[in-house]
Amino acid sequence: MHPLQCVLQAQRWGPLASVSWLLLRTCRAHSGVPSTSCPSSERQQEDGVRKDFSSKLANGPTFQHFLRSASAPQEQPDVEDPPPYLTVDELLGRQRKVYLETYGCQMNVNDTEIAWSILQKSGYLRTRNLQEADVILLVTCSIREKAEQTIWNRLHQLKALKTKRLRSRVPLRIGILGCMAERLKEEILNREKMVDILAGPDAYRDLPRLLAVAESGQQAANVLLSLDETYADVMPVQTSPSATSAFVSIMRGCDNMCSYCIVPFTRGRERSRPVDSILEEVRKLSEQGLKEVTLLGQNVNSFRDSSEVQFNNAVSTNLSRGFSTNYKPKQGGLRFAHLLDKVSRIDPEMRIRFTSPHPKDFPDEVLQLIQERDNICKQIHLPAQSGSSRVLEAMRRGYSREAYVELIHHIRESIPGVSLSSDFIAGFCGETEEDHLQTVSLLREVQYNMGFLFAYSMRQHSKRSATDLCGRNDGNLKVIFPDVEMEDVNNSKVKVRAQPGDYVLVKITSTSSQTLKGHVLCRTTLKDSSAYC
């Protein structure tokens, strides 16, 4: 083959032809003459080299090998290309210790796990000792004024810790993450000079850069909201190694624009994770032995995966009867019923919950799925917010009292024995005594299993007993029972004690407004326990 022809092949065929081009350059370097006039002995030697190389090539790695290598990089600190004013080394954690505090809802718990996953890959270490921390990050809530005041108070406490920091140690950095950073960004930076970084809910990937900038003594902030950030490729790191349950975020943001709610302004517009990434995360949690996952979202049952072109042809799911939206109806995408079906099939012995839903997104296919699957908890959180149609209209909730009550009846007909909980806001703008009494009458009419009211918290502060165990039943109520030996449903000859992650049957003997008490009957499985119901 003429050398010029080899050069042309290298341009047309890529890597394999480029090997020929390298051989040609070697031939020229050894011969000292143009390759068109190589002596016959050298040509024979060249033929031998080519045959030897062809043999090695045939037994060497294939194209698939290089594809696998490209998709599975070596384990090392995961650092993106730095901006011009930073080096790669400055983006690394260099074994600095991070202390994380979480305030607010379940989404913030999941955000904490996402933030830590990102920092861990950048070379930071986790500590549970506040005194030895080099970085303190508060994952904050802004839904109520009291929640924000809690953070202001905490910052005053941390200010003293930062002031007393020994000069021999690296400077202590303090960061505010989440909704409060998004809502009060300027006020925090101006009022609390000891705060070094701010990161909104969509900016956790930027934490290594923000911390690197803070090392120069400057305040750093990123509170940009995103239209597509879901952290789908970030595997949250469980904060408790002994946990038996986990939160899995499936969507972020909210488009409902209720008149009392700041969520669309602190967490942005609705966007959903691809179904495949959610299923992969749930499978990994199942492999780790977890027994319960809660699917999370600000409006979890409005989930809509439009990540693939073919999904856009999917038929839109109808809203609950008598409900409407404040936005233009969306078309296509894989909906919540599809996701719930797939998730529930991964592990029949893993319980599935979801929160927080909106009443408008409970079509019949979702209710039927909850009724059919043993491992989908028969518990639905159905935020009403008010029992007055006039107030509901002012709240821009998209339904009347009558439509809400009709949905309650339909759910109870579809899922016998379902447990219902709700949220209520007392004293909304313009609410009259008559409006309030209508809310009270709705509480009496529906007879919820649990309710959460805006004015106060229903959580109890009780001491943990050394002789009792507690868990949660299918309806998400706390169940307390003695720590005693019991039978195993699969082996009646063996006596066992309940361990974290076990399912047990408990006979209820007494109740309070928030707690059930009883004695344990046996250890069981989800499949076997359904026979007792």
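Residues numbered from 1 in each chain as written. Predicted model: local features only at pLDDT ≥ 70, side-chain atom pairs only at ≥ 80, totals over all residues. Heavy atoms only, no water.

- The protein chain appears in an unreviewed UniProt entry as Mitochondrial tRNA methylthiotransferase CDK5RAP1 from Ailuropoda melanoleuca.
- What UniProt states about the protein chain under its Cofactor (unreviewed entry) heading is, verbatim, "[4Fe-4S] cluster".
- The record held by UniProt for the protein chain lists under Catalytic activity (unreviewed entry) the comment "N(6)-dimethylallyladenosine(37) in tRNA + (sulfur carrier)-SH + AH2 + 2 S-adenosyl-L-methionine = 2-methylsulfanyl-N(6)-dimethylallyladenosine(37) in tRNA + (sulfur carrier)-H + 5'-deoxyadenosine + L-methionine + A + S-adenosyl-L-homocysteine + 2 H(+)". (UniProt positions renumbered as here; feature names shortened; annotations may be inferred.)

## Considering the overall build of the protein chain
Link 1 in the chain: Within the protein chain, the secondary structure is distributed over 18 helices and 22 strands.
Link 2 in the chain: Burial analysis of the protein chain (533 residues in total) assigns 45% to the buried set.
Link 3 in the chain: Sequence-distant contacts, at least 24 apart, represent 71% of the contacts inside the protein chain between residues at least 6 apart.
Link 4 in the chain: Here the protein chain has roughly 28,900 Å² of accessible surface; of this, 52% comes from carbon and sulfur atoms. (Helix = DSSP H or I, 4+ residues; strand = E, 2+ residues; numbered from the N terminus. Buried < 20%, exposed > 50% of the residue type's maximum accessible area, 1.4 Å probe, protein only. Contact = heavy atoms within 4.5 Å. Areas by Shrake-Rupley, 256 points an atom, 1.4 Å probe, with all protein chains shown as cover.)

## Concerning the packing of aromatic side chains
Link 1 in the chain: According to the stated counting rule, one finds seven aromatic pairs in the structure shown.
Link 2 in the chain: Ring geometry for F336 versus F354: centroids 5.1 Å apart, planes at 70 degrees, classification edge-to-face. Of the two residues, F336 sits in helix α13 (residues 336-346) while F354 sits in strand β13 (residues 351-355), which places them 18 residues apart along the sequence.
Link 3 in the chain: Between F424 and Y448 the ring centres are 5.7 Å apart and the planes differ by 70 degrees, which places this aromatic pair in the edge-to-face class. One end of the pair, F424, is in strand β15 (residues 419-424); the other, Y448, is in the loop between α17 (433-446) and β16 (450-453), with 24 residues separating them in the sequence.
Link 4 in the chain: Counting every residue linked through ring pairs, the aromatic cluster contains F323, Y399 and Y404.
Link 5 in the chain: The ring of W152 has R191 lying over it, and the distance from NZ or CZ to the ring centre is 3.7 Å.
Link 6 in the chain: The side chain of K330 reaches across the aromatic face of Y327, ending 4.7 Å from its centre. (Phe/Tyr/Trp six-rings, centres within 6.5 Å; stacked < 30°, edge-to-face > 60°. Lys NZ or Arg CZ within 6 Å of the ring centre and 35° of its normal.)

## Looking at the sheet that holds strand β5 (residues 197-199)
Link 1 in the chain: Taken in spatial order, the six strands line up as β2-β1-β3-β4-β5-β6 in an open sheet, and their pairing is parallel. Whereas interior strands pair on both sides, the edge strands pair on one side only; in this sheet they are β2 (125-126) and β6 (220-222).
Link 2 in the chain: With six bridges joining them, strand β3 (residues 135-140) and strand β4 (residues 173-178) adopt parallel strand pairing. Its bridge partner lying in β4, V139 is registered against L177.
Link 3 in the chain: Packed on one face of the sheet, helix α6 (residues 106-121) meets β1 (97-102), β2, β3 and β4 and runs near 170 degrees to β1. (Pairing = 2+ DSSP bridges. Axes fitted to C-alpha atoms, helices over the stretch in contact; angles between N-to-C directions.)

## Digging into unusual backbone geometry
Backbone phi values are negative for most residues with the exception of glycine, while trans is the configuration of most peptide bonds.
Link 1 in the chain: Of note, the bond from T355 into S356 is cis; its omega dihedral lies within 30 degrees of zero at 0 degrees.
Link 2 in the chain: Checked against the element boundaries, S356 lands in the loop between β13 and α14 (364-372).
Link 3 in the chain: One non-glycine residue, M257, lies in the positive phi region at around 55 degrees.
Link 4 in the chain: Mapping M257 onto the fold places it in the loop between β8 (251-252) and α11 (263-266).
Link 5 in the chain: With a relative accessible area of 34%, M257 lands in the partly exposed category.

## Some points on the packing of α14 against helix α16 (residues 401-414)
Link 1 in the chain: With their axes 9 Å apart at the nearest point, α14 and α16 run at an angle of 35 degrees to one another. The handedness of the crossing between α14 and α16 comes out as right-handed. Residues D364, L367 and Q371 of α14 form the contact with α16, whose own contacting residues are H410, I411 and S414.
Link 2 in the chain: Residue classes in the contact of α14 with α16 are distributed as two nonpolar, three polar and one charged. (Left-handed = near helix turned anticlockwise from the far one by under 90°. Nonpolar A, V, L, I, M, F, W, Y, C, P; charged D, E, K, R; others polar.)

## Notes on the environment of L210
Link 1 in the chain: Tracing the backbone shows L210 in helix α10 (residues 207-214).
Link 2 in the chain: By relative accessible area, which is 0% here, L210 ends up buried.
Link 3 in the chain: C-alpha of L210 to C-alpha of N222: the two residues are 12 residues apart in sequence and 7.8 Å apart in space.
Link 4 in the chain: Discounting chain neighbours no more than four positions away, the residues touching L210 are I197, L198, A199, A220, A221 and N222.

## Some points on the pairing of β15
Link 1 in the chain: Counting buried positions along β15 gives five out of six residues, so the element sits mostly inside the fold.
Link 2 in the chain: When strand β14 (residues 379-381) meets β15, the two strands line up parallel, connected through three bridges. Opposite I380, over in β15, you have L420 as the bridge partner.
Link 3 in the chain: Examined bridge by bridge, β15 and β16 share four bridges and lie parallel to one another. Counted as the bridge partner of D423 is F452 from β16.
Link 4 in the chain: Between the parallel pair β15 and β16, the chain is carried across by α17, and the sense of this crossover is right-handed. (Right-handed = clockwise from strand over helix to strand, strands pointing away.)

## Points about the side chain of E281
Link 1 in the chain: Its place among the elements puts E281 in helix α12 (residues 275-287).
Link 2 in the chain: Using a relative accessible area of 4% as the deciding quantity, one classes E281 as buried.
Link 3 in the chain: If we skip the residues at most four places from it in the chain, E281 touches M235, P236, F247, V248 and R273.

## A look at the pattern of salt bridges
Link 1 in the chain: Under the counting rule described, the total for this entry stands at 32 salt bridges.
Link 2 in the chain: R191 serves as the salt-bridge partner of E187, at 3.2 Å between the closest nitrogen and oxygen. Highlighted residues: E187 and R191, both in helix α9 (residues 185-191), separated by four residues, approximately one helical turn.
Link 3 in the chain: According to the relative accessible area criterion, E187 is partly exposed, its value standing at 37%.
Link 4 in the chain: For R191, a relative accessible area of 41% corresponds to the partly exposed category.
Link 5 in the chain: R390 is the salt-bridge partner of D435, the closest N and O atoms lying 2.4 Å from each other. A residue pair is termed long-range when its members are at least 10 positions apart, and D435 in helix α17 and R390 in helix α15 (residues 389-394) qualify at 45 residues.
Link 6 in the chain: Of the residues examined, R390 reaches a relative accessible area of 45% and is grouped as partly exposed.
Link 7 in the chain: Members of the salt-bridge network, linked through shared partners, are R96, K162, R173, D196 and E215. (Salt bridge = Lys/Arg side-chain N within 4 Å of Asp/Glu carboxyl O.)

## Overview of α14
Link 1 in the chain: When α14 is considered as a whole, its buried residues turn out to be V366, L367, L369 and I370. For α14, the buried positions fall inside an angular range of 160 degrees around the axis, keeping them on one side.
Link 2 in the chain: At its buried positions, α14 is contacted by α13, β13, β14 and α16. (Arc of directions from axis to C-beta.)

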